[in-house]
Amino acid sequence: IADASLQAFHLASDAGVANGLRVLGMLVVFMGVRFRSKWLSLSGATMACLSFTVMGHTVMHEPGWLLAPLLLLHVLVLAFWFGSLRPLRWIADSAGEAVAGQLEKFSRLAGIAVPVLFVAGIVLAALLLNSFAALTTPYGLMIIAKLSGFALLIGMASINRWRFSPRIRAGDAAAARSFRNLALGEWLLILLVIVVTEVMTSLVSP
């Protein structure tokens, strides 16, 4: 850690650039929170997500001009979904029209974002794996596990959207509790997918 030459080598590498973007992005997020600026916060979050496009499989494989934007879209939507669940649980503490309006707004955004997440992920997998036979490799099995997790998430989100949200609008406190519990389940499942992806991509590649 104290070796300046090793630190310089790291900072000049793809990992160094990625970590630099993440630190800078988090600082911009903190400034956005401090000055109550939504656009500063969004800019910082985007910088942190952008860091994933400067290292890893999408940099080493072709076509990079397509893989990088797809990965950025994929990460941005996942960050939106993952980051929204905690605030949604907070506002669901009180059932009623105002809360239902916020849930409806999130559902409209998710209705656009989630298909983008799916399409971007499928195209990324197709470009990196090149064949159906590659699905039997460790990396291919990770893709299948992620798709299974995605399908389960869609099911959980659909229950919240179509079953509990209308009941929350009607003032049903029990539905609000069920919504919070299911949102927590979504959050934990996304966390599990992230951990599995991180471990597998560190050990195996396409």
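Conventions and cut-offs
The residue numbering used here restarts from 1 in each chain and proceeds along that chain's sequence as written. Where local features are concerned, this predicted model is filtered to residues with pLDDT of at least 70; where side-chain atom pairs are given and counted, the filter is 80 or more; whole-chain, interface and lining totals use all residues. As a convention, hydrogens and water are excluded, and side-chain values are obtained from all of the structure's heavy atoms. Strands here are runs of E lasting at least two residues and helices are runs of H or I lasting at least four, both read from the DSSP assignment and numbered beginning at the N terminus. A simple rule labels every residue: compare its accessible area, found with a 1.4 Å probe on the protein chains alone, to the largest value its type can have, and call it buried under 20%, exposed over 50%, or partly exposed in between. Calculation of accessible area relied on Shrake-Rupley with a 1.4 Å probe; when residues are assessed, cover is drawn exclusively from the protein chains displayed. We treat Lys and Arg as the positive residues and Asp and Glu as the negative residues; His and chain ends play no part in the count. For charged residues, the charge sits on one atom: NZ in Lys, CZ in Arg, CG in Asp, CD in Glu. To get an axis, a line is fitted to the C-alpha atoms, and for a helix only the part in contact is used. The angle between two axes follows their N-to-C directions and goes from 0 to 180 degrees. Reported orientations rely on four angle classes, namely roughly parallel under 35 degrees, roughly antiparallel over 145, roughly perpendicular from 65 to 115, and oblique for the rest. Whether a crossing is left-handed or right-handed is set by the direction in which the near helix is turned from the far one by less than a right angle, anticlockwise for left-handed and clockwise for right-handed. Note on contacts: a residue pair qualifies if any of its non-hydrogen atoms lie within 4.5 Å across the two residues. Residue polarity is assigned by list, with Asp, Glu, Lys and Arg as charged and Ala, Val, Leu, Ile, Met, Phe, Trp, Tyr, Cys and Pro as nonpolar; anything else, Gly included, falls into the polar class. For Phe, Tyr and Trp, where Trp contributes only its six-membered ring, two rings pair if their centres lie within 6.5 Å, and the inter-plane angle classes them as stacked under 30 degrees, edge-to-face over 60, or tilted in between. Only lysine NZ and arginine CZ atoms are considered, and such an atom sits over a ring when it is within 6 Å of the ring centre and within 35 degrees of the ring normal. As a per-residue measure, pLDDT tells how confident the predictor is, with possible values from 0 to 100. Multiplying 1.5 Å by the residue count of a helix minus one yields the expected span of that helix. Note that the bend at a residue is defined as the angle between axes fitted to the seven residues ending at it and the seven residues starting at it.

## Quick word on the overall build of the protein
And step 1. When its secondary structure is counted, the protein shows eight helices and zero strands.
And step 2. For the protein, the sequential pattern of α-helices and β-strands runs α-α-α-α-α-α-α-α.
And step 3. Referenced to the eigenvectors of the C-alpha coordinate spread, the extents of the protein come out at roughly 60 × 50 × 30 Å.
And step 4. Out of the 206 residues belonging to the protein, those deemed buried represent 32%.
And step 5. Here the protein displays about 12,200 Å² of accessible surface, and carbon together with sulfur accounts for 72% of that area.
And step 6. Considering the protein, the positive charge centre built from 15 side chains and the negative charge centre built from 9 side chains are found 11 Å apart.

## Focus on the packing of helix α3 (residues 38-50) against helix α5 (residues 64-91)
And step 1. One way to put it is that α3 packs onto α5 with a least axis distance of 9 Å and a crossing angle of 130°. With respect to α5, the axis of α3 lies oblique. When the axes of α3 and α5 are compared, the crossing they make is right-handed. Across the interface between the two elements, T46, C49 and L50 from α3 touch L72, V75, L76 and A79 from α5.
And step 2. For the contact of α3 with α5, the per-class residue count stands at six nonpolar, one polar and no charged.

## A look at the packing of aromatic side chains
And step 1. As enumerated under the stated definition, the model contains four aromatic pairs in all.
And step 2. Relative to F150, the ring of W81 lies with its centre 6.4 Å away and its plane at 85°, an arrangement referred to as edge-to-face. Of this pair, W81 sits in helix α5 while F150 sits in helix α7 (residues 138-169), and the two are 69 residues apart along the sequence.
And step 3. Overall, W81 belongs to the buried group, its relative accessible area being 5%.
And step 4. An aromatic cluster is built from W81, F118 and F150, whose rings are joined through pairwise contacts.
And step 5. One cation-aromatic arrangement involves R34 over F35; the distance from NZ or CZ to the ring centre is 5.6 Å.
And step 6. Between the NZ or CZ atom of R161 and the centre of the ring of W162, over which it lies, the distance is 4.2 Å.

## A look at unusual backbone geometry
And step 1. Despite not being glycine, R36 shows a phi value in the positive range, around 55°.
And step 2. Summarising the element assignment, R36 is placed in the loop between α2 (14-34) and α3.
And step 3. A relative accessible area of 79% places R36 in the exposed class.

## Some remarks on the confidence of the model for the protein
And step 1. With 99% of its residues at a pLDDT of 70 or more, the protein has an overall mean of 87.
And step 2. Mean pLDDT values for the elements of the protein range from 75 in helix α4 (residues 57-60) up to 95 in α3.

## Description of helix α6 (residues 97-129)
And step 1. In a regular helix each residue adds 1.5 Å, so 33 residues correspond to 48 Å; α6 covers 47 Å between its end C-alpha atoms and thus fits that length.
And step 2. Along α6, the sharpest kink reaches roughly 30°, centred on A110.
And step 3. Positive phi appears at N130, one or two residues downstream of α6, with a value of about 70°.

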